Every structure is written in structure tokens, then in C-alpha cells.
Amino acid sequence: MANSLEIDQSSIVDNDVEKQIEFTGEFDSDEYEFAVKYAVLKELSGDEPEDDAIELFNRFNDDIVDACLAAIERKPSATVVIVDENDLE
């Protein structure tokens, strides 16, 4: 499995109603929609995301990319790839 996920930085949105960061990414020449749950940010940072969810997302980008790749492997045909704390190594 290739290990390169290209995140479209202009697509990053904090959906605080659903408690997730949403974005579009390209992996293996395919485009995917992702939703990274706040639980992933909390697990990585130790703090509950509040007004800083996008900042936490950017700070832990490498770990989040790894979790996104694990989620794609788990559900390659999902319309939206949901990334939760179970995708962290």
C-alpha cells in the first residue's frame, strides 16, 4: 500500500455539529472525502477540541494521515471515510 495521502488544504472544514474535521484528499490517484472525528484529535493531543480543532488537525497532520490511510484500508469503498480513534496505531 502506498503511503502518500495528499490533503486538499482548501477543503478543510471544522464541522463542530458532527464533532469532526472534514476534508478532501487524494490517495493512489483517487479522491476521497474524509471525516476525522474529534476523538482522534483528543487522543493525539490529550485535550478536548474546542475552538482549536483545525489547529490540532494541522499540528498532528502526520499521525492523522496515517490514521486516514488505515481507514481507507478498512473501508476502501466508503462514500465518506470516517476516521476514528480505532484507526490510530
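Definitions and cut-offs
- Residues numbered from 1 in each chain as written.
- Predicted model: local features only at pLDDT ≥ 70, side-chain atom pairs only at ≥ 80, totals over all residues.
- Heavy atoms only, no water.
- Buried < 20%, exposed > 50% of the residue type's maximum accessible area, 1.4 Å probe, protein only.
- Helix = DSSP H or I, 4+ residues; strand = E, 2+ residues; numbered from the N terminus.
- Pairing = 2+ DSSP bridges.
- Expected span 1.5 Å × (residues − 1).
- Contact = heavy atoms within 4.5 Å.
- Salt bridge = Lys/Arg side-chain N within 4 Å of Asp/Glu carboxyl O.

Trainee: Tell me about the pairing of strand β5 (residues 80-83), and please be specific about residues and values.
Mentor: Alternating residues of β5 divide into V81 and V83, all buried, and V80 and I82, none buried. The pairing of strand β4 (residues 30-37) with β5 spans four bridges and is classified as parallel. Directly across from A35, in β5, lies its bridge partner I82.

Trainee: I'd like a description of helix α3 (residues 61-74), backed by residues and values.
Mentor: The first and last C-alpha atoms of α3 sit 20 Å apart over 14 residues, in line with the 20 Å expected at 1.5 Å per residue. Of the positions making up α3, those classed as buried are I64, V65, A67, C68, L69, A71 and I72. Structurally, α3 contributes buried residues whose contacts are with β1 (5-7), β3 (20-27), β4, α1 (38-45), α2 (53-59) and β5.

Trainee: Any chance you could break down the pattern of salt bridges for me, citing the residues and the numbers?
Mentor: Summed over the entire model, instances satisfying the criterion amount to three salt bridges. K42 is the salt-bridge partner of E48, the closest N and O atoms lying 3.3 Å from each other. Overall, the relative accessible area of 43% leaves E48 in the partly exposed class. You can call K42 partly exposed: its relative accessible area is 38%. Across the pair R59 and E55 runs a salt bridge, and its minimum N-O distance is 2.9 Å. Highlighted residues: R59 and E55, both in helix α2, separated by four residues, approximately one helical turn. Given a relative accessible area of 48%, E55 falls into the partly exposed group.

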